[in-house]
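Residues per chain, in single letters:
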Amino acid sequence: MDLRTFDPLYVVAAHLAVLVAVIHLALGVSNWLTYLSGGILVPPDLRWPLFVVSGLALVGGLVAAVAGADRRPLYLGGIALMVVYVIGYFAWHASGHRPLFVVGRGTHHDGSTLAYLAAHVVAGPVETLALASETGLALVLGYLLYRERD
């Protein structure tokens, strides 16, 4: 590797992608295994299989980037996935924790929806880390996409 052309921003993006992938794979696999141990192949809460698939997609995108694939589509895909993660997180809470956002039994909250959602930004260390790393990755990928435009 030629250190004169080394860009630390790629390393930041890669680390954030790995962090986001690990969070989603760990949550997805552990929760899906809970259902599988009870004999349920397809869990009623589809977030867990989707977390596994999307976490694997992040790893696949990172491997493709390292292998020399055109990065612009990878940046766009990564940004889109981060937007889905962040909006999905808040939509799931705003929907009353319904497994499919609008379908299924949900729980309700009292008070302001905005205050309720704001409280979920710091709901716990995993949630805060996930939201921060997803937002950070979207911003870094957006900057790389802008910087590497034709």
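Parameters at a glance
Residues numbered from 1 in each chain as written. Predicted model: local features only at pLDDT ≥ 70, side-chain atom pairs only at ≥ 80, totals over all residues. Heavy atoms only, no water. Helix = DSSP H or I, 4+ residues; strand = E, 2+ residues; numbered from the N terminus. Buried < 20%, exposed > 50% of the residue type's maximum accessible area, 1.4 Å probe, protein only. Contact = heavy atoms within 4.5 Å. Areas by Shrake-Rupley, 256 points an atom, 1.4 Å probe, with all protein chains shown as cover. Salt bridge = Lys/Arg side-chain N within 4 Å of Asp/Glu carboxyl O. Core = buried A, V, L, I, M, F, W, Y, C linked by side-chain atoms within 4.5 Å. Phe/Tyr/Trp six-rings, centres within 6.5 Å; stacked < 30°, edge-to-face > 60°. Lys NZ or Arg CZ within 6 Å of the ring centre and 35° of its normal.

**What to know about the overall build of the chain**
Helix and strand counts for the chain stand at 5 helices and 0 strands. N-terminal to C-terminal, the α/β element order of the chain is α-α-α-α-α. Looking at the chain as a whole, 32% of its 150 residues qualify as buried. Nonlocal contacts in the chain, meaning residues at least 24 apart in sequence, comprise 66% of its contacts between residues at least 6 apart. As presented, the chain carries roughly 9,100 Å² of accessible surface, and 73% of it is formed by carbon and sulfur atoms.

**Some details on the pattern of salt bridges**
With the rule as written, the count across this model stands at 2 salt bridges. The shortest N-O distance in the salt bridge between arginine 147 and glutamate 148 comes to 3.7 Å. With relative accessibility at 33%, the residue arginine 147 sits in the partly exposed group. What makes glutamate 148 partly exposed here is its relative accessible area of 22%. Because the salt bridges share partners, they merge into one network encompassing Asp7, Arg147 and Glu148.

**Re the nonpolar core**
If you look at the biggest cluster of nonpolar residues, it comprises 17 residues, and the most contacted ones within it are Ala13, Val20, Leu58, Met82, Tyr85, Leu137 and Leu141. Contributions of two or more residues to this core are made by helix 1 (8–37), helix 3 (71–94) and helix 5 (125–147). The element contributing the most residues to this core is helix 5, with 6 residues.

**Description of the packing of aromatic side chains**
Enumeration according to the criterion identifies 3 aromatic pairs in this entry. Aromatic side chains phenylalanine 51 and tyrosine 85 sit 6.4 Å apart centroid to centroid with 80 degrees between the ring planes, which places their arrangement in the edge-to-face category. In this pair, phenylalanine 51 sits in helix 2 (residues 47–66) while tyrosine 85 sits in helix 3, placing the two residues 34 residues apart along the sequence. By relative accessible area, phenylalanine 51 is classed as buried at 17%. One aromatic cluster is present, formed by Trp48, Phe51 and Tyr85 through successive ring pairs. Just above the ring of tyrosine 10 sits the side chain of arginine 147; from NZ or CZ to the centre is 5.7 Å.

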